[in-house]
Amino acid sequence: MSILPQTTATPLGRAETVTARHHQPLFSSRVRAGFPSPADDHLDADIDLHAHVVKRPAATFFVRAEGDSMQGEGVHHGDLLVVDRSLEALPGRVVIVALDGELTVKRLERVGQRFYLAAANPHYRSIPLEGREAHVWGVVTHVVHALPGAPA
Amino acid sequence: MIALVDCNNFYVSCERVFDPRLEGRPVGVLSNNDGCVIARSNELKALGVEMGAALHLLSPAIRRRAVLLSSNYALYGDMSKRVIQTLAEFSPHVELYSIDESFVGFQGFDPVTLEARGHRLRQTVRRWTGIPVSVGLALMGIDTVWQLREADPKRIRRAFSVVMERIVWELRGYPAITLDDMSAPRQQIMVSRSFGRQTYELIDLREAVRQHAARAASAAP
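Residues numbered from 1 in each chain as written. Chains lettered and ligands numbered in written order. Predicted model: local features only at pLDDT ≥ 70, side-chain atom pairs only at ≥ 80, totals over all residues. Heavy atoms only, no water.

- Chain B has the name Nucleotidyltransferase/DNA polymerase involved in DNA repair in an unreviewed UniProt entry, where Halomonas cerina is given as its organism.
- UniProt, in the comment section headed Sequence similarities (unreviewed entry), describes chain B in these words: "Belongs to the DNA polymerase type-Y family." (UniProt positions renumbered as here; feature names shortened; annotations may be inferred.)

- An unreviewed UniProt entry annotates chain A as DNA polymerase V of Halomonas cerina.

1. Considerations on the overall build of chain B
- Check the secondary structure of chain B and you find nine helices and seven strands.
- A principal-axis box enclosing the C-alpha atoms of chain B has dimensions of 65 × 50 × 30 Å.
- Of all 221 residues assigned to chain B, the portion counted as buried reaches 35%.
- Across chain B, the fraction of contacts at a sequence separation of at least 24, relative to all contacts at a separation of at least 6, is 51%.
- Of the side chains in chain B, 28 bear a positive and 24 a negative charge, and the two mean positions are spaced by 5 Å. (Helix = DSSP H or I, 4+ residues; strand = E, 2+ residues; numbered from the N terminus. Buried < 20%, exposed > 50% of the residue type's maximum accessible area, 1.4 Å probe, protein only. Contact = heavy atoms within 4.5 Å. Lys, Arg positive; Asp, Glu negative; His and termini not counted. Charge placed at Lys NZ, Arg CZ, Asp CG, Glu CD.)

2. Looking at the overall build of chain A
- A count of helices and strands for chain A gives one helix and ten strands.
- Helices and strands appear in chain A in the N-to-C order β-β-β-α-β-β-β-β-β-β-β.
- The buried share of chain A, taken over its 152 residues, is 34%.
- The long-range fraction of contacts in chain A, counting pairs at least 24 apart against all pairs at least 6 apart in sequence, stands at 59%.
- Accessible area of chain A: about 9400 Å², with a carbon and sulfur share of 56%. (Areas by Shrake-Rupley, 256 points an atom, 1.4 Å probe, with all protein chains shown as cover.)

3. Some thoughts on helix H4 (residues 73–87) of chain B
- A rise of 1.5 Å per residue sets the reference length of H4(B), with its 15 residues, at 21 Å; its end C-alpha atoms lie 21 Å apart and thus fit the reference within 8%.
- Within H4(B) the residues assigned to the buried category are B:Leu75, B:Tyr76, B:Asp78, B:Met79, B:Ser80, B:Arg82, B:Val83, B:Thr86 and B:Leu87. (Expected span 1.5 Å × (residues − 1).)

4. As for the sheet that holds strand S2 (residues 27–30) of chain B
All names here are of chain B.
- Taken in spatial order, the three strands of this open sheet run S3-S2-S4, and their pairing is mixed. The two strands at the open ends of the sheet, each matched to only one other strand, are strand S3 (37–40) and strand S4 (67–70). Across the sheet, the mean angle from the axis of one strand to that of its neighbour is 30 degrees, orientation sign disregarded.
- Strand direction decides the pairing type here: S2 and S4, joined by four bridges, are parallel. In the sheet register, Leu30 faces S4, and the bridge partner there is Ser70.
- Against the sheet, helix H1 (residues 10–18) engages S2, S3 and S4, with an angle of about 110 degrees to S2. (Pairing = 2+ DSSP bridges. Axes fitted to C-alpha atoms, helices over the stretch in contact; angles between N-to-C directions.)

5. Overview of helix H9 (residues 202–219) of chain B
Residues and elements named next belong to chain B.
- When the terminal C-alpha atoms of H9 are compared, their 26 Å separation across 18 residues agrees well with the 26 Å that a helix rising 1.5 Å per residue should span.
- Looking only at H9, the buried set comprises Ala208, His212 and Ala216. Mapping the buried residues of H9 onto a view down its axis gives an arc of 70 degrees, with all of them on the same face. Residues of H9 that are exposed and point over 90 degrees away from its buried face: Leu202, Ile203, Arg210, Gln211, Ala217 and Ser218. (Arc of directions from axis to C-beta.)

6. With respect to the side chain of B:Ser80
- Checked against the element boundaries, B:Ser80 lands in helix H4.
- Those residues in contact with B:Ser80 that sit more than four places away from it in its chain are B:Phe10, B:Leu96 and B:Ile99.

7. Observations concerning the sheet that holds strand S1 (residues 2–7) of chain B
All names here are of chain B.
- Read across the open sheet, the four strands follow the order S5-S6-S1-S7; overall the sheet is antiparallel. The sheet terminates laterally at strand S5 (93–98) and strand S7 (133–136), the two strands that pair on one side only. Direction aside, neighbouring strands of the sheet carry axes that sit 20 degrees apart on average.
- Pairing analysis gives five bridges linking S1 to strand S6 (residues 101–105), with the strands arranged antiparallel. In the sheet register, Ala3 faces S6, and the bridge partner there is Val104.

8. Thoughts on the interface of chain A and chain B
- Each side of the interface is counted separately: chain A has 20 residues, and chain B has 19 residues.
- Taken together, the connections running from chain A to chain B amount to ten residue pairs in polar contact (both at pLDDT 80 or more).
- Within the residue set of the side of chain A that touches chain B, elements represented by two or more residues are strand S4 (60–66) and strand S7 (102–111) of chain A.
- Partitioned by chemical class, the residues of the side of chain A that touches chain B number eleven nonpolar, four polar and five charged. (Polar contact = N/O pair within 3.5 Å; in protein donor to acceptor, adjacent residues only side chain to side chain. Nonpolar A, V, L, I, M, F, W, Y, C, P; charged D, E, K, R; others polar.)

Here it is in structure tokens:
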């Protein structure tokens, strides 16, 4: 079993609403987990990573995930999440929910007329929303996860 | 038609967005140095805490019940910017009036749709930013500059501000707005802080006066 009971979300100061542009060249090849083609590495367009993940600056916040209950969705302890509050919380989406006074990361699920907060880790049970005070804080759109060797 | 959009208990609402535990509780935000209460949730207002109340004068019972937070102006500035950006989705004419109040111009919009627009605006700001706002639409029936000129200056001052009242006087031909820009020397410089707790020592006072006098002198043009 895990040390942390749920995956919680901690808001990170401010998500910049207006930023300096940071363009990086986009290579037209998709990254294949096999053999890369050297012919693919020509420049196609510039990509601004911030603009790529922040579609609605006024409603977008960055939060830090803590805990391992959402591993199955690719949300690991310490990851940075991009949250868009303007999006609708539909079943299947990963959401930040204010539950018992805490911001928690979960996947919204619907069975018949009932809604559940599902974890993406077999060690955790789904939480039925019926009769509980909970409200959706925002919809998680992207996860920034550092791989081994990434500078801190 | 111009709408006045006013963020409810703005600093407290900003803090609540990021800490759901503050919902439904008496919450106050304190001035620099935690001297006095400068924003109150409705629950704190209901406890009889006045705007500007000094922290050290609050009763122990209230200090136990209430959550009193130091101010975080970087956060409030960011949230204010987000509210403005959201308002800009509703009209090209958005005028920031103060950190928590804005004017939104609805000139040229069908008046029949305005009430629904106001409701949608309120819901959208709440959802996107988490900030509850009030929208004042029927601004005393003033749609034109002429109507503003004819309005009662005292009522205008109560409803808006002394600045708006001066505009009424200007429109009537009486100079009321002075150009007190860089050409006029500053008449006073204020550096003020409250003590964090009650002080009985003259030496503490002396040190504080010395320090603030030095800061005021360095702020002089």
